[in-house]
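Coordinates in review
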Amino acid sequence: MSENELRNTSAMPTITKDLFESASESSMQDKEKISAPSLSFMADSWRRLKKNKVAMVSLIILIIISMSSLLAPVIAPHDPNAQTVQYANMPPKIPGIDINGLNGTVKQNGVVIDKYEASNVPEDVYYYLGTDSLGRDLLSRILYGTRVSLFIAFMAALFNLTLGVVYGLTSGWLGGKVDNIMQRILEILSGVPNLVVVILMLLVLKPGISSIIIALALTEWLSMARVVRAQTLKLKNQEYILAARTLGQSPMKIAFRHILPNLAGVIIIQVMFSIPSAIFFEAFLSFIGIGIPAPNASLGTLINDGYKTFRFLPHLMWYPAGIMSVIMICFNLLADGLRDAFDPKMRD
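Residues numbered from 1 in each chain as written. Predicted model: local features only at pLDDT ≥ 70, side-chain atom pairs only at ≥ 80, totals over all residues. Heavy atoms only, no water.

The next point concerns the overall build of the protein. The secondary structure content of the protein amounts to 16 helices and two strands. Expressed as a percentage of the 348 residues in the protein, the buried residues total 38%. Here the contacts in the protein between residues at least 6 apart in sequence split such that 74% fall between residues at least 24 apart. Accessible surface, the protein: about 20,500 Å² in total, of which carbon and sulfur atoms supply 63%. (Helix = DSSP H or I, 4+ residues; strand = E, 2+ residues; numbered from the N terminus. Buried < 20%, exposed > 50% of the residue type's maximum accessible area, 1.4 Å probe, protein only. Contact = heavy atoms within 4.5 Å. Areas by Shrake-Rupley, 256 points an atom, 1.4 Å probe, with all protein chains shown as cover.)

Following this line, the structure appears as structure tokens:
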């Protein structure tokens, strides 16, 4: 043995049984525990959605707008339908802010004047967003109008959810001739434009919220039915569905306990995309004069009223148009965030 080998051998410590310690059963169980909590599909989707800052900001904005419109009778500073003609076309005035356009001043013939003083408005009366041509407070009308528009949109989404899911699930699950007949009916209904349906509804019903909701209920669920049918055809041949059939479960139980929960993500995303579409459709109908009748307000009627005097009083159209744009953008961004959160291919 060489000198180097002897030196290395002498440097090695002597191994004895005192250097070892037997592992207890409790310590082994602690090491085998899974540190991360087990999450359900919805809990994991919510966790992923919270990481999407844009979607969360959109959700917060929508909650604020929805709560403000819901509490409109409490927080509205004036009666939205009360007409005060002597205070017509007043500019916005916010107490404590001395900025042109927000302090109640207007420019006439090159001279800036305080229109509130010229109109003898009491000092404790403020119109934060101004008034329209009949002296009605614009802020109060926007709060009530937003509530009407959101109510129509959510009711349309509810019909979209119920009719579309049931029709699409039935068509995709039964298949065969039944599916063929149901799809031909769907194609016939989708060939009729929404505007034609609304006009026909106005011939039967009075113009108002009910006729718009019925028109949206008759047409908006078609896209939902197509999406649900396609996903049902994809899922009904999966192994767990075949196993449920083998065990003798009824088709109704399989459809609503096994297929429908797996369609939750697709359904929620489709509903979220349908809400801004319904808001825009209602605004379009009110803008062309066949929507919400006067004196009730919606975002569409407010935009129509402001459009008539946009050249001289642009704020009457900018404010309701801005609110509607924010609502539609936030719903679309939130729907995009939900789509990413529910997509299994994008798991982190």
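Under the feature "transmembrane region" (unreviewed entry), the UniProt entry names residues 54-76, 148-173, 185-203, 209-228, 259-292 and 312-335. In residues 148-173, the share of helix is 100% and the share of strand is 0%. The end C-alpha atoms are 37 Å apart. With 88% helix and 0% strand, residues 312-335 has end C-alpha atoms that lie 37 Å from one another. (UniProt positions renumbered as here; feature names shortened; annotations may be inferred.)

Glancing now at the pattern of salt bridges. Within the structure shown, the criterion is met by five salt bridges. Note that arginine 229 and aspartate 179 form a salt bridge whose closest N and O atoms lie 2.7 Å from each other. Highlighted residues: arginine 229 in helix α11 (residues 221-235) and aspartate 179 in helix α8 (residues 176-190), separated in sequence by 50 residues. Relative accessible area serves as the criterion here: at 8%, aspartate 179 is assigned to the buried category. Glutamate 187 is paired through a salt bridge with arginine 184; the nearest N and O atoms lie 2.8 Å apart. One end of the pair is glutamate 187 and the other is arginine 184, both in helix α8 and three residues apart, which spans about a single turn. Note on arginine 184: relative accessible area 37%, which makes it partly exposed. (Salt bridge = Lys/Arg side-chain N within 4 Å of Asp/Glu carboxyl O.)

A few words now on the side chain of asparagine 160. Considering the arrangement of structural elements, one finds asparagine 160 in helix α7 (residues 138-174). In this structure asparagine 160 touches Val165, Glu220, Trp221, Met224, Gln270 and Ser274, once residues within four positions along its chain are discounted.

Within the secondary structure, isoleucine 212 sits in helix α10 (residues 209-219). In this structure, the C-alpha to C-alpha distance between isoleucine 212 and serine 286, residues 74 residues apart in sequence, is 9.9 Å. With sequence-adjacent residues up to four places away left out, isoleucine 212 is seen in contact with Ile152, Glu282, Leu285, Gly291 and Ile292.

A separate point is the pairing of strand β1 (residues 105-108). Note: β1 against strand β2 (residues 111-114), four bridges, orientation antiparallel. Residue pairing across strands places glutamine 108 opposite valine 111, the latter belonging to β2. As consecutive antiparallel partners, β1 and β2 are separated by two residues, and within that stretch asparagine 109 has a phi angle of approximately 55 degrees, a positive value. (Pairing = 2+ DSSP bridges.)

Mean pLDDT over the protein: 80, with 87% of residues reaching 70 or higher. Element-level mean pLDDT values for the protein span from 54 in helix α1 (residues 3-11) up to 91 in helix α4 (residues 53-70). (pLDDT = per-residue confidence, 0-100.)

Judged by nonpolar contacts, the single largest core of 56 residues is most densely connected at Ile279, Ile327 and Phe331. Of all the elements, helix α16 (residues 315-342) adds the most residues to this core, at 12 residues. Setting aside its immediate chain neighbours within four residues, phenylalanine 331 contacts Leu62, Leu150, Phe154, Met272, Ile275, Pro276 and Ile279. (Core = buried A, V, L, I, M, F, W, Y, C linked by side-chain atoms within 4.5 Å.)

Remark: helix α12 (residues 239-246) packs on helix α13 (residues 251-262), axes separated minimally by 11 Å, with the N-to-C direction vectors making an angle of 170 degrees. Considering their axes alone, α12 and α13 lie roughly antiparallel with respect to each other. Where α12 abuts α13, its residues Tyr240, Ile241, Ala244 and Arg245 lie against Ile254, His258, Ile259 and Asn262. The residue inventory of the contact of α12 with α13, partitioned by class, reads five nonpolar, two polar and one charged. (Axes fitted to C-alpha atoms, helices over the stretch in contact; angles between N-to-C directions. Parallel < 35°, antiparallel > 145°, perpendicular 65-115°, else oblique. Nonpolar A, V, L, I, M, F, W, Y, C, P; charged D, E, K, R; others polar.)

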